[in-house]
Amino acid sequence: MSGTEGSRRRRKFNYTLMLFADSKDGHIRQMGIGPALVESLAVIIVAAITILSVICYRDEKRIEVLETETAGQQEEIARLTEENADLVSLREELTDKVIILSDTINQKVEEEEAVAQAHAQAHMPVGFPLSSSASLEEAESENPMVKLNGAEGSSIIASADGTVASITTDSGYLHCIRIDHGNGYNSLYRNDGEVMVKEGDEVVRGAILYVIGEDNTELGYQITYDEKYIDPMELINIDG
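Summarised in this report is the structure supplied together with it. Model, not experiment: these values are computed from the prediction.

Rules and cut-offs
- Residues numbered from 1 in each chain as written.
- Predicted model: local features only at pLDDT ≥ 70, side-chain atom pairs only at ≥ 80, totals over all residues.
- Heavy atoms only, no water.
- Phe/Tyr/Trp six-rings, centres within 6.5 Å; stacked < 30°, edge-to-face > 60°.
- Helix = DSSP H or I, 4+ residues; strand = E, 2+ residues; numbered from the N terminus.
- Salt bridge = Lys/Arg side-chain N within 4 Å of Asp/Glu carboxyl O.
- Buried < 20%, exposed > 50% of the residue type's maximum accessible area, 1.4 Å probe, protein only.
- Patch = residues over 30% accessible without salt bridge, like charges linked within 9 Å, V, L, I, M, F, W, Y side chains within 5 Å.
- Areas by Shrake-Rupley, 256 points an atom, 1.4 Å probe, with all protein chains shown as cover.
- Lys, Arg positive; Asp, Glu negative; His and termini not counted.
- Charge placed at Lys NZ, Arg CZ, Asp CG, Glu CD.
- Contact = heavy atoms within 4.5 Å.

Quick look at the packing of aromatic side chains
And step 1. Counting across every chain of the model gives two aromatic pairs.
And step 2. Between Tyr185 and Tyr225 the ring centres are 4.4 Å apart and the planes differ by 40°, which places this aromatic pair in the tilted class. With Tyr185 in strand β8 (residues 185–191) and Tyr225 in strand β11 (residues 218–225), this residue pair connects regions lying 40 residues apart in the sequence.
And step 3. Measuring from ring centre to ring centre gives 5.3 Å for Tyr189 and Tyr221, while their planes differ by 50°; the resulting arrangement is tilted. Pair noted here: Tyr189 is in strand β8 and Tyr221 is in strand β11, with a separation of 32 residues, a long-range link.

In C-alpha coordinates:
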(Lines give C-alpha, C1' and ligand atoms only; values in the text may rest on other atoms or scores of the structure.)
Protein backbone atom coordinates (compact mmCIF):
# COMPACT_ATOMS: atom_id res chain seq x y z
CA MET A 1 0.00 0.00 0.00
CA SER A 2 1.46 3.32 -0.92
CA GLY A 3 1.78 6.21 1.48
CA THR A 4 -0.68 8.26 -0.51
CA GLU A 5 -3.50 5.69 -0.19
CA GLY A 6 -2.92 5.36 3.60
CA SER A 7 -3.13 9.05 4.07
CA ARG A 8 -6.41 9.08 2.16
CA ARG A 9 -7.92 6.47 4.47
CA ARG A 10 -6.80 8.36 7.55
CA ARG A 11 -8.22 11.59 6.23
CA LYS A 12 -11.13 12.98 8.29
CA PHE A 13 -13.66 15.52 7.19
CA ASN A 14 -14.11 18.58 9.33
CA TYR A 15 -17.14 20.83 9.07
CA THR A 16 -17.11 24.50 9.82
CA LEU A 17 -20.28 26.59 9.99
CA MET A 18 -19.69 30.06 8.71
CA LEU A 19 -21.95 32.90 9.87
CA PHE A 20 -21.99 36.31 8.24
CA ALA A 21 -23.31 39.40 9.95
CA ASP A 22 -23.80 42.87 8.54
CA SER A 23 -22.66 45.47 11.05
CA LYS A 24 -23.99 48.98 11.35
CA ASP A 25 -20.94 50.41 9.63
CA GLY A 26 -21.62 48.35 6.50
CA HIS A 27 -18.85 45.80 7.05
CA ILE A 28 -19.59 42.11 6.81
CA ARG A 29 -18.15 40.10 9.61
CA GLN A 30 -17.42 36.45 9.32
CA MET A 31 -17.70 34.05 12.26
CA GLY A 32 -16.92 30.40 12.22
CA ILE A 33 -18.30 27.62 14.38
CA GLY A 34 -16.17 24.63 14.96
CA PRO A 35 -17.00 21.01 14.19
CA ALA A 36 -17.72 20.12 17.81
CA LEU A 37 -20.35 22.80 18.08
CA VAL A 38 -21.83 21.78 14.74
CA GLU A 39 -22.11 18.19 15.89
CA SER A 40 -23.75 19.31 19.12
CA LEU A 41 -26.27 21.39 17.19
CA ALA A 42 -26.93 18.43 14.90
CA VAL A 43 -27.54 16.18 17.88
CA ILE A 44 -29.90 18.77 19.39
CA ILE A 45 -31.79 19.11 16.11
CA VAL A 46 -32.08 15.34 15.70
CA ALA A 47 -33.25 15.03 19.31
CA ALA A 48 -35.79 17.82 18.81
CA ILE A 49 -37.06 16.18 15.62
CA THR A 50 -37.27 12.83 17.43
CA ILE A 51 -39.17 14.38 20.34
CA LEU A 52 -41.53 16.18 17.97
CA SER A 53 -42.07 12.93 16.08
CA VAL A 54 -42.88 11.11 19.31
CA ILE A 55 -45.24 13.90 20.37
CA CYS A 56 -46.93 13.88 16.96
CA TYR A 57 -47.28 10.09 17.04
CA ARG A 58 -48.69 10.20 20.55
CA ASP A 59 -51.14 12.94 19.56
CA GLU A 60 -52.19 10.97 16.49
CA LYS A 61 -52.87 7.91 18.66
CA ARG A 62 -54.75 10.05 21.14
CA ILE A 63 -56.79 11.53 18.30
CA GLU A 64 -57.53 8.03 16.99
CA VAL A 65 -58.65 6.95 20.47
CA LEU A 66 -60.83 10.05 20.81
CA GLU A 67 -62.32 9.47 17.36
CA THR A 68 -63.07 5.86 18.30
CA GLU A 69 -64.65 6.97 21.58
CA THR A 70 -66.62 9.68 19.75
CA ALA A 71 -67.91 7.17 17.23
CA GLY A 72 -68.91 4.82 20.06
CA GLN A 73 -70.65 7.67 21.88
CA GLN A 74 -72.50 8.65 18.71
CA GLU A 75 -73.66 5.05 18.27
CA GLU A 76 -74.77 4.97 21.92
CA ILE A 77 -76.60 8.28 21.47
CA ALA A 78 -78.33 6.91 18.37
CA ARG A 79 -79.30 3.74 20.26
CA LEU A 80 -80.58 5.71 23.25
CA THR A 81 -82.47 8.07 20.96
CA GLU A 82 -84.17 5.10 19.31
CA GLU A 83 -84.95 3.56 22.70
CA ASN A 84 -86.35 6.89 23.89
CA ALA A 85 -88.58 7.07 20.80
CA ASP A 86 -89.80 3.54 21.54
CA LEU A 87 -90.44 4.47 25.18
CA VAL A 88 -92.36 7.58 24.14
CA SER A 89 -94.47 5.47 21.79
CA LEU A 90 -95.01 2.88 24.53
CA ARG A 91 -95.93 5.61 27.03
CA GLU A 92 -98.48 7.05 24.60
CA GLU A 93 -99.90 3.57 24.01
CA LEU A 94 -100.10 2.90 27.76
CA THR A 95 -101.67 6.33 28.31
CA ASP A 96 -104.37 5.50 25.77
CA LYS A 97 -104.96 2.15 27.46
CA VAL A 98 -105.12 3.82 30.88
CA ILE A 99 -107.69 6.31 29.56
CA ILE A 100 -109.77 3.50 28.05
CA LEU A 101 -109.46 1.44 31.26
CA SER A 102 -110.35 4.47 33.38
CA ASP A 103 -113.41 5.17 31.23
CA THR A 104 -114.38 1.49 31.47
CA ILE A 105 -113.96 1.49 35.25
CA ASN A 106 -115.92 4.73 35.59
CA GLN A 107 -118.67 3.31 33.41
CA LYS A 108 -118.65 0.10 35.46
CA VAL A 109 -118.81 2.08 38.70
CA GLU A 110 -121.69 4.16 37.37
CA GLU A 111 -123.51 1.02 36.29
CA GLU A 112 -122.92 -0.61 39.67
CA GLU A 113 -124.08 2.53 41.45
CA ALA A 114 -127.19 2.62 39.26
CA VAL A 115 -127.85 -1.06 39.98
CA ALA A 116 -127.29 -0.50 43.72
CA GLN A 117 -129.60 2.50 43.67
CA ALA A 118 -132.26 0.59 41.74
CA HIS A 119 -131.85 -2.33 44.16
CA ALA A 120 -132.22 -0.03 47.15
CA GLN A 121 -135.31 1.62 45.68
CA ALA A 122 -136.84 -1.75 44.78
CA HIS A 123 -136.45 -2.91 48.39
CA MET A 124 -138.07 0.17 49.94
CA PRO A 125 -141.73 -0.64 50.90
CA VAL A 126 -143.17 2.47 49.28
CA GLY A 127 -145.47 0.73 46.81
CA PHE A 128 -149.23 0.66 47.25
CA PRO A 129 -150.10 -2.84 48.56
CA LEU A 130 -153.18 -3.29 46.36
CA SER A 131 -153.42 -3.77 42.60
CA SER A 132 -156.40 -1.42 42.41
CA SER A 133 -157.67 1.66 44.16
CA ALA A 134 -159.07 1.23 47.65
CA SER A 135 -160.54 3.12 50.52
CA LEU A 136 -158.10 3.82 53.32
CA GLU A 137 -158.55 4.37 57.02
CA GLU A 138 -156.43 4.16 60.13
CA ALA A 139 -157.08 1.10 62.23
CA GLU A 140 -157.41 1.04 65.97
CA SER A 141 -154.39 -0.98 66.96
CA GLU A 142 -151.66 -1.04 69.55
CA ASN A 143 -149.18 -0.43 66.73
CA PRO A 144 -149.56 1.85 63.69
CA MET A 145 -151.71 0.19 60.99
CA VAL A 146 -153.81 1.22 58.03
CA LYS A 147 -156.92 -0.57 56.75
CA LEU A 148 -157.42 -0.81 53.01
CA ASN A 149 -160.64 -2.07 51.42
CA GLY A 150 -160.04 -3.36 47.92
CA ALA A 151 -162.39 -4.36 45.15
CA GLU A 152 -163.30 -7.99 44.62
CA GLY A 153 -161.12 -9.52 41.92
CA SER A 154 -158.12 -7.30 42.67
CA SER A 155 -155.02 -8.48 44.53
CA ILE A 156 -153.02 -7.70 47.63
CA ILE A 157 -149.46 -7.30 46.44
CA ALA A 158 -145.96 -6.88 47.88
CA SER A 159 -145.02 -3.24 48.34
CA ALA A 160 -141.32 -3.93 47.61
CA ASP A 161 -138.83 -6.68 46.75
CA GLY A 162 -137.90 -9.03 49.58
CA THR A 163 -138.15 -12.47 51.12
CA VAL A 164 -141.23 -14.03 52.69
CA ALA A 165 -139.91 -14.30 56.24
CA SER A 166 -142.97 -15.80 57.88
CA ILE A 167 -146.66 -16.71 57.42
CA THR A 168 -148.54 -16.81 60.72
CA THR A 169 -152.08 -16.97 62.04
CA ASP A 170 -153.39 -13.59 63.15
CA SER A 171 -155.84 -12.86 65.97
CA GLY A 172 -157.81 -10.32 63.95
CA TYR A 173 -157.31 -11.85 60.52
CA LEU A 174 -156.85 -15.33 59.19
CA HIS A 175 -153.26 -14.92 58.02
CA CYS A 176 -150.31 -12.51 58.38
CA ILE A 177 -147.54 -12.49 55.78
CA ARG A 178 -144.29 -10.77 56.78
CA ILE A 179 -141.81 -9.78 54.07
CA ASP A 180 -138.23 -8.91 54.99
CA HIS A 181 -136.86 -6.32 52.56
CA GLY A 182 -133.24 -6.80 53.64
CA ASN A 183 -132.62 -3.18 54.65
CA GLY A 184 -134.16 -3.07 58.11
CA TYR A 185 -137.69 -2.73 56.74
CA ASN A 186 -140.41 -5.41 57.07
CA SER A 187 -143.94 -5.16 55.70
CA LEU A 188 -146.89 -7.08 57.15
CA TYR A 189 -150.06 -8.01 55.25
CA ARG A 190 -153.06 -9.22 57.32
CA ASN A 191 -155.96 -10.73 55.37
CA ASP A 192 -158.53 -13.55 55.54
CA GLY A 193 -157.86 -14.81 52.00
CA GLU A 194 -155.82 -17.72 50.67
CA VAL A 195 -152.07 -17.17 50.85
CA MET A 196 -150.47 -17.27 47.41
CA VAL A 197 -146.82 -17.53 48.59
CA LYS A 198 -144.85 -19.65 51.02
CA GLU A 199 -142.08 -18.94 53.51
CA GLY A 200 -138.67 -18.43 51.91
CA ASP A 201 -140.04 -17.21 48.58
CA GLU A 202 -138.21 -14.33 46.93
CA VAL A 203 -140.81 -11.81 45.81
CA VAL A 204 -140.69 -8.58 43.81
CA ARG A 205 -142.77 -5.48 44.12
CA GLY A 206 -146.24 -6.29 42.78
CA ALA A 207 -146.05 -10.02 43.54
CA ILE A 208 -149.52 -11.36 44.45
CA LEU A 209 -149.88 -12.31 48.11
CA TYR A 210 -153.69 -12.73 48.27
CA VAL A 211 -156.48 -12.57 45.71
CA ILE A 212 -159.39 -10.47 47.04
CA GLY A 213 -162.71 -12.22 47.02
CA GLU A 214 -166.13 -11.48 48.48
CA ASP A 215 -165.04 -12.43 52.02
CA ASN A 216 -161.54 -10.89 52.22
CA THR A 217 -161.74 -7.35 50.90
CA GLU A 218 -160.00 -5.82 53.92
CA LEU A 219 -156.20 -5.58 54.35
CA GLY A 220 -154.49 -4.66 57.59
CA TYR A 221 -151.11 -3.19 56.50
CA GLN A 222 -148.13 -2.43 58.75
CA ILE A 223 -144.42 -1.58 58.38
CA THR A 224 -141.55 -2.01 60.84
CA TYR A 225 -138.05 -0.56 60.71
CA ASP A 226 -135.36 -2.16 62.88
CA GLU A 227 -138.19 -4.12 64.56
CA LYS A 228 -140.09 -0.96 65.52
CA TYR A 229 -143.48 -0.14 64.01
CA ILE A 230 -143.73 3.05 61.99
CA ASP A 231 -146.70 4.77 60.35
CA PRO A 232 -147.15 3.15 56.89
CA MET A 233 -148.48 6.44 55.54
CA GLU A 234 -144.95 7.87 55.89
CA LEU A 235 -143.80 5.55 53.11
CA ILE A 236 -146.80 4.55 51.02
CA ASN A 237 -146.82 6.08 47.55
CA ILE A 238 -150.52 6.55 46.98
CA ASP A 239 -149.96 7.24 43.27
CA GLY A 240 -148.07 3.95 42.92
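Some points on the pattern of salt bridges
And step 1. Inspection of the entire model under this criterion finds six salt bridges.
And step 2. Ionic pairing is found between Glu83 and Arg79, a salt bridge with its closest N-O pair at 2.4 Å. Here Glu83 and its partner Arg79 are both found in helix α2 (residues 35–122), four residues apart, which amounts to about one turn of the helix.
And step 3. Given the relative accessible area of 35%, Glu83 is considered partly exposed.
And step 4. Note that Asp201 and Lys198 form a salt bridge whose closest N and O atoms lie 3.3 Å from each other.
And step 5. Judged by relative accessible area, Lys198 falls into the exposed class, the value being 54%.

Focus: a negative patch on the surface
And step 1. A surface patch of negative charge is lined by Glu110, Glu111, Glu112 and Glu113.
And step 2. Relative to the assigned elements, Glu112 resides in helix α2.
And step 3. By relative accessible area, which is 46% here, Glu112 ends up partly exposed.

Considerations on the side chain of Ser155
And step 1. Assignment of secondary structure puts Ser155 in strand β5 (residues 155–157).
And step 2. The class of Ser155 is buried, set by a relative accessible area of 10%.
And step 3. Ignoring any residue separated from it by four or fewer positions in sequence, one finds Ser155 in contact with Pro129, Leu130, Ser131, Ile208, Tyr210, Val211 and Ile212.

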